Amino acid sequence: MSYQLSRRQFLLCSASVAATSATVLPGCKMQSNNNQTDQTHRIALLGDVHFHDIHGDFDFNNNEVCIRTMQDSVGSTRMFNENYFVFKATLDDIVAEGIKFVILVGDFSDDGQEAHVDGLKKVLEQYSDEYGLEFFLTHGNHDPTTPYGENCDKTFLRSDGAGVKVTSNQGDVESFIPSDEVDDVLYSPKMQSLGFTPLMEKLGRFGFQSQPHYHYYETPWKSNKLEDRVYQAISADGAYTVECPDSSYLVEPIEGFWICSVDMNTHVPLDPLGSQWDHDAKGYEDGKVQKPQVLTWLKDVIKRADEQGKTLLVFSHYPAIEYLNYSADDFYYLFADSSYNHKRVPTSETTEELIDCGLKLHFAGHIHINDTAKYVGRNGQTLVNVQAPSLAAYIPAYKKITCYGPDDFEIETKVIEDVPEFDSLFNHYENEISWRTAKGLDTHWKSMLEVSSYRELMYQHLICLTVNDKSDNWGWDMRHLYQSTFPIYWLMVLSVIDDDLSGTVLSTLVDNINPDTNDTKVIDLLVGAGLEQVSVNNAIEDVNQHLINMNYSRQQLNQAIFTDYCNAMLHIRNGDELALQDIGLDKVVGYSVVAELFGRCDIDNNLENHDYSQDYIEADPEAGSHEEFDENKDNLSNLKLRLAALARIFHMFRITEPTTHFRVFPSRGEVLDLSNENPLRIKA
């Protein structure tokens with residue numbers, strides 16, 4: 001049974017904030033670990049919390065608009081309101097674990113809005129003062145969105161289920177025109193997105209500024225004063241520079257243990273006055289150009305840590321190695337999701353530069369995925385990059401890190417399964433459903449309210465996000481297949497047919513074949529589409545023999561359709577081996593059998609090789625996205641390129657590094673699996 005918060009409890013702004021800040025979800029006082037040596041340090045690392053204070057003080061007095069709409073959440077890679085509950089539940093879990101040091105690797109707020117940052121500060125102060133936690137933050141691309149702040153507006157939920165625009169721009173209020181989606185507008189200066197300096201002032205206690213109890217503290221700049229921590233940001237054409245803050249720092253919170261926060265946010269000025277900025281969120285890729293002095297400093301930090309025998313933990317918001325099991329190109333070709341854009345991936349040249357700095361182990365967030373990647377540089381040195389997933393997305397988890405010494409790190413991914421009060425806002429979403437239904441608006445996400453755990457909510461959120469928003473950007477053929485009920489078995493048959501089928505013919509087949517269509521009718525449809533009877537028979541025999549060889553049966557595929565396969569791939573993208581539990585291992589084994597067959601569609605028969613000229617239409621992963629039907633792109637030959645990409649993704653998932661529980665020995669580049677959570681992994 002869920003506990004339902006009253007509207008007064010969570011929507012009365014300033015009055016509720018004071019009461020909320022004095023309330024903590026259940027947790028225990030921090031206990032010392034007598035088994036730890038002097039060199040053993042335990043850290044919790046959280047990625048992309050995106051804290052939205054549902055009790056935030058927006059100066060609304062009694063205006064009941066402190067949560068976002070569910071419609072907004074299913075159009076975003078993160079849930080907007082429930083992250084409030086999961087963040088506190090995670091901190092309680094950390095306290096119960098007896099961990100003292102907590103790292104937030106950026107995107108700690110929604111979009112750096114003052115009200116949310118103030119709410120986050122209260123939570124961090126609360127757990128610091130009552131449980132002795134020490135927090136260390138870095139900035140992400142959502143905090144700040146620009147170096148010196150900017151106006152911000154979001155759609156909040158009114159008590160009757162309508163959307164209300166909340167804005168920090170008074171001009172928005174004056175020009176507002178109601179719609180079915182957004183019925184009213186409210187002004188609040190606390191919706192303003194803050195810039196670097198106000199953020200570092202408000203959150204200075206949490207790593208951004210030196211504290212009296214630190215053993216040591218430094219920054220890459222001439223002093224630790226905020227006004228001195230700046231660099232000259234270069235315009236795109238190189239014609240001028242504008243001063244821009246940087247928040248990188250090195251701290252020694254306890255003797256012998258160094259924490260290094262590398263701020264790789266880069267903002268490009270669009271005018272000499274710095275009133276407008278561009279921000280591609282590419283991290284190290286742009287950072288090495290815009291502020292190379294930070295990497296020079298990082299190299300020196302690593303050198304000094306080695307010389308002084310310090311245990312060094314380096315983190316940034318941005319990854320240091322290609323993520324997604326080196327399948328970013330294939331994921332983008334298939335699913336065209338800019339949040340996982342292959343252009344956000346660090347190039348091998350950038351990774352080589354980081355290796356030249358001496359970097360061997362790196363932690364990051366930004367991409368909302370659970371991932372471990374290893375790269376061997378030209379000099380033979382290995383760099384391991386560990387990606388922390390987002391608590392506000394699938395899969396909700398954090399990294400528990402135990403440093404046994406400078407060259408021995410144990411890392412465990414802790415999933416937050418159950419969250420107290422995670423469903424306490426569902427009655428308000430029911431009001432939203434009623435409003436939207438009355439207006440004739442989409443409510444496909446209402447099934448999300450039937451879940452029984454926070455983990456399940458995040459699992460369903462990714463599916464609803466795909467249906468509601470992301471699949472609109474796919475190629476027409478992918479979208480058409482995803483929205484159909486086309487059986488995996490018959491897609492396997494099509495994959496081994498040598499003849500081509502036009503886009504029109506293929507589209508007709510997809511529309512007329514479903515799991516209930518009997519074999520005779522399907523064969524008639526295939527022959528009627530212009531395929532030779534003997535070709536169809538041979539393809540069916542080939543697929544059936546493949547299933548026999550794989551010790552699998554057609555019956556085990558049950559009524560699996562292409563939609564299921566895509567959803568599984570997307571959950572594996574986000575959760576890696578932790579997704580197997582949610583998908584079901586029996587289904588994943590079946591998809592593995594399917595992927596083995598799809599691998600034949602790879603033109604060079606090498607699933608570990610990317611050849612743009614052979615693997616992608618127009619030799620470009622971006623060409624995979626096209627909105628309208630295209631006879632020349634949506635034929636069977638090009639569909640086989642899609643199937644080959646799916647095969648490569650699954651293959652790479654089977655051969656890359658563990659992500660659940662593992663040990664890293666940085667100097668020798670070894671990653672040791674301690675959990676065997678992926679039974680499909682092909683051991684090296």
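Each chain has its residues counted from 1, following the order in which its sequence is written. Side-chain atom pairs in this predicted model are given and counted only at pLDDT of 80 or more, local residue features only at pLDDT of at least 70, and totals for whole chains, interfaces and linings cover all residues. Heavy atoms from the whole structure form the basis of all side-chain values; hydrogens and water molecules are not counted.

**Overview of the nonpolar core**
Among the nonpolar cores identified, the biggest contains 197 residues, and Leu-46, Phe-87, Phe-135, Phe-335, Trp-490 and Tyr-565 are the most heavily contacted of them. Only DSSP runs of H or I reaching four residues or more are called helices, and only runs of E reaching two or more are called strands; each is numbered from the N terminus. For this core, the leading source of residues is helix H23 (residues 636–655), giving 11 residues. Here, two residues are considered to be in contact whenever any of their heavy atoms come within 4.5 Å of each other. When sequence neighbours within four positions are dropped, the list of residues in contact with Trp-490 reads Ile-513, Asp-519, Val-522, Ile-523, Leu-526, Ile-540 and Arg-554. Buried residues of nine kinds, namely Ala, Val, Leu, Ile, Met, Phe, Trp, Tyr and Cys, make up a nonpolar core once their side-chain atoms join them within 4.5 Å. Per-residue accessibility, obtained with a 1.4 Å probe over protein chains only, is compared with the maximum for each type, and a residue is labelled buried under 20%, exposed over 50%, and partly exposed between these values. Within the second largest apolar cluster, 9 residues are counted, among which are Cys-152, Phe-156, Leu-186 and Met-191.

**Considerations on the sheet that holds strand S21 (residues 670–673)**
Taking strand neighbours across the sheet as the criterion, the 7 strands line up as S3-S2-S1-S18-S19-S20-S21 in an open arrangement whose pairing is mixed. Only two strands of the sheet have a single partner each, and these edge strands are strand S3 (134–137) and S21. For this sheet, the mean inter-axis angle between neighbouring strands, taken without regard to orientation, is 25°. Any two strands are treated as partners once DSSP identifies two or more bridges connecting them. Both strand S1 (residues 41–46) and strand S18 (residues 397–405) contribute to a ladder of 5 bridges, which runs antiparallel. Helix axes are fitted to C-alpha atoms over the stretch in contact, other axes to C-alpha atoms as well, and angles between N-to-C directions run from 0 to 180 degrees.

**Notes on the side chain of Ser-471**
By the secondary structure assignment, Ser-471 is in the loop between helix H13 (454–468) and helix H14 (476–483). When its relative accessible area of 2% is taken as the criterion, Ser-471 is described as buried. Among residues more than four places away in sequence, those in contact with Ser-471 are Thr-466, Arg-479 and Tyr-482.

**Some words on the sheet that holds strand S5 (residues 163–167)**
Pairing is mixed across the open sheet formed by 3 strands, whose spatial order is S4-S5-S6. Only two strands of the sheet have a single neighbouring strand rather than two, namely strand S4 (153–157) and strand S6 (182–187). Taking the axes of each pair of neighbouring strands and ignoring which way they run, one obtains an average angle of 30° across the sheet. Pairing of S5 with S6, which is carried by 5 bridges, proceeds in the parallel orientation. For Lys-165, the partnering residue across the bridge sits in S6 and is Val-185.

**Observations concerning the pairing of strand S20 (residues 661–665)**
Among the 5 residues of S20, 4 are classified as buried, and the element is accordingly described as predominantly covered. With 4 bridges joining them, strand S19 (residues 408–415) and S20 adopt antiparallel strand pairing. Across the sheet, residue Ile-411 finds its bridge partner in S20, namely Phe-662. Looking at chain direction, S20 and S21 are connected through 4 bridges and run antiparallel. Counterpart to Val-664 in the pairing with S21 is Val-671. Between S20 and S21, which pair antiparallel and follow one another directly, the connecting turn spans 4 residues, one of which, Gly-669, has a positive phi of 65°.

**A look at a negative patch on the surface**
A residue counts toward a patch only above 30% relative accessible area and without a salt bridge, and it is joined to like-charged neighbours within 9 Å or, for Val, Leu, Ile, Met, Phe, Trp and Tyr, to nonpolar neighbours within 5 Å. Each accessible area is a Shrake-Rupley result for a 1.4 Å probe, and residues are judged covered by the shown protein chains and nothing else. By definition, a salt bridge exists where a carboxyl oxygen of Asp or Glu is found within 4 Å of a side-chain nitrogen of Lys or Arg. Think of it this way: Lys and Arg go in the positive column, Asp and Glu in the negative one, and His and the chain ends go nowhere. To locate a charge, take NZ of a lysine, CZ of an arginine, CG of an aspartate or CD of a glutamate. Among the surface-exposed residues, Asp-498, Asp-499, Asp-500 and Glu-532 lie close enough to one another that they form a single negatively charged patch. By the secondary structure assignment, Asp-498 is in the loop between helix H15 (488–495) and helix H16 (503–512). Look at Asp-498 and you get exposed, because its relative accessible area is 77%.

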